[in-house]
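Report on the structure
Here is what each chain is made of, one letter per residue.
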Amino acid sequence: KTVDQLIRELRQGENEIIRSVAAAELGHMKSQEAIGPLILALKDRHAYVKHGAAWALGEIKSDKAVEALRQALNDDDNITRMKAVEALGKIMGT
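Thresholds, definitions, all that
Each chain carries its own residue numbering, running from 1 in the direction its sequence is written. Whole-chain, interface and lining totals are the exception, using all residues; otherwise, since this is a predicted model, local features are given only for residues with pLDDT of at least 70 and side-chain atom pairs are given and counted only at 80 or more. Think of the side-chain values as coming from all heavy atoms in the structure, minus any hydrogens and water. With a 1.4 Å probe rolled over the protein chains alone, any residue whose accessible area is under 20% of its type maximum counts as buried; one over 50% counts as exposed, and the rest are partly exposed. Strands are runs of DSSP state E lasting at least 2 residues, helices are runs of H or I lasting at least 4, and numbering of each runs from the N terminus. Each direction from the helix axis to a C-beta atom contributes to the arc, which is the arc of those directions. Any two residues whose heavy atoms approach within 4.5 Å at even a single point are treated as in contact. What counts as a salt bridge is simple: a side-chain nitrogen of Lys or Arg found within 4 Å of a carboxyl oxygen of Asp or Glu. Only protein atoms enter the 1 Å grid used here. Points where a 1.4 Å probe fits but cannot escape make up a cavity, open sets with protein on both sides within 12 Å along at least five of seven lines make up a pocket, and a residue lines them when an atom lies within 4 Å of a point. Grid points are joined across faces, edges and corners, and a volume is the space filled by probe spheres set on the points. As a working rule, the residues Ala, Val, Leu, Ile, Met, Phe, Trp, Tyr, Cys and Pro are called nonpolar, Asp, Glu, Lys and Arg charged, and the rest polar, with Gly in that last group.

Turning our attention to unusual backbone geometry. The backbone of Lys30 sits at a positive phi, close to 55 degrees, despite the residue not being glycine. In the Ramachandran plot, Lys61 falls in the positive-phi region, its phi being about 60 degrees despite a non-glycine side chain.

A few words now on helix H1 (residues 3–12). Along an α-helix, residues three or four positions apart point the same way, because every turn accommodates 3.6 residues. Val3, Leu6, Ile7 and Leu10 are the residues of H1 that are buried. Buried residues along H1 cover an arc of 100 degrees about the axis, so they all sit on one side. The inward-facing, buried residues of H1 contact helix H2 (16–29), helix H3 (35–41) and helix H4 (47–60).

Applying the stated criterion across every chain, the model contains five salt bridges. Close ionic contact of Arg19 with Asp44 constitutes a salt bridge, the shortest N to O distance being 3.1 Å. One end of the pair, Arg19, is in helix H2; the other, Asp44, is in the loop between H3 and H4, with 25 residues separating them in the sequence. Taking relative accessible area as the criterion, Asp44 reaches 18% and is therefore assigned buried.

Within the structure shown, the criterion is met by one cavity of 30 Å³ or more. Here the largest cavity is characterised by a volume of approximately 30 Å³. Taken together, Ala54, Trp55, Gly58, Lys83, Glu86, Ala87 and Lys90 form the lining of the largest cavity. Element by element, the count of residues in the lining of the largest cavity is highest for helix H6 (residues 78–92), at four residues. Residue classes in the lining of the largest cavity are distributed as three nonpolar, one polar and three charged.

Written out as structure tokens, the structure reads:
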């Protein structure tokens with residue numbers, strides 16, 4: 001799949017599993033153009049999508065994601081917070 005197709009799935013996928021897998025695939029591709037959509041996905045109502053987005057942002061390692069990941073440290077979901085910590089560590093080199 002192309003980056004554009006995956007971004008479309010991330011935004012409009014019919015369920016949280018499809019959106020989460022799209023986020024992970026974008027992370028594997030290290031797509032810079034996916035950073036904005038992945039940041040938005042950190043606010044998804046489904047935890048799986050937030051987990052995938054945080055992981056993907058850590059793989060891409062863009063400073064553009066730092067503020068959104070810091071905000072995700074306050075998420076209600078424990079795993080989202082943990083994935084945000086891991087992603088921040090990857091971006092900041094710790």
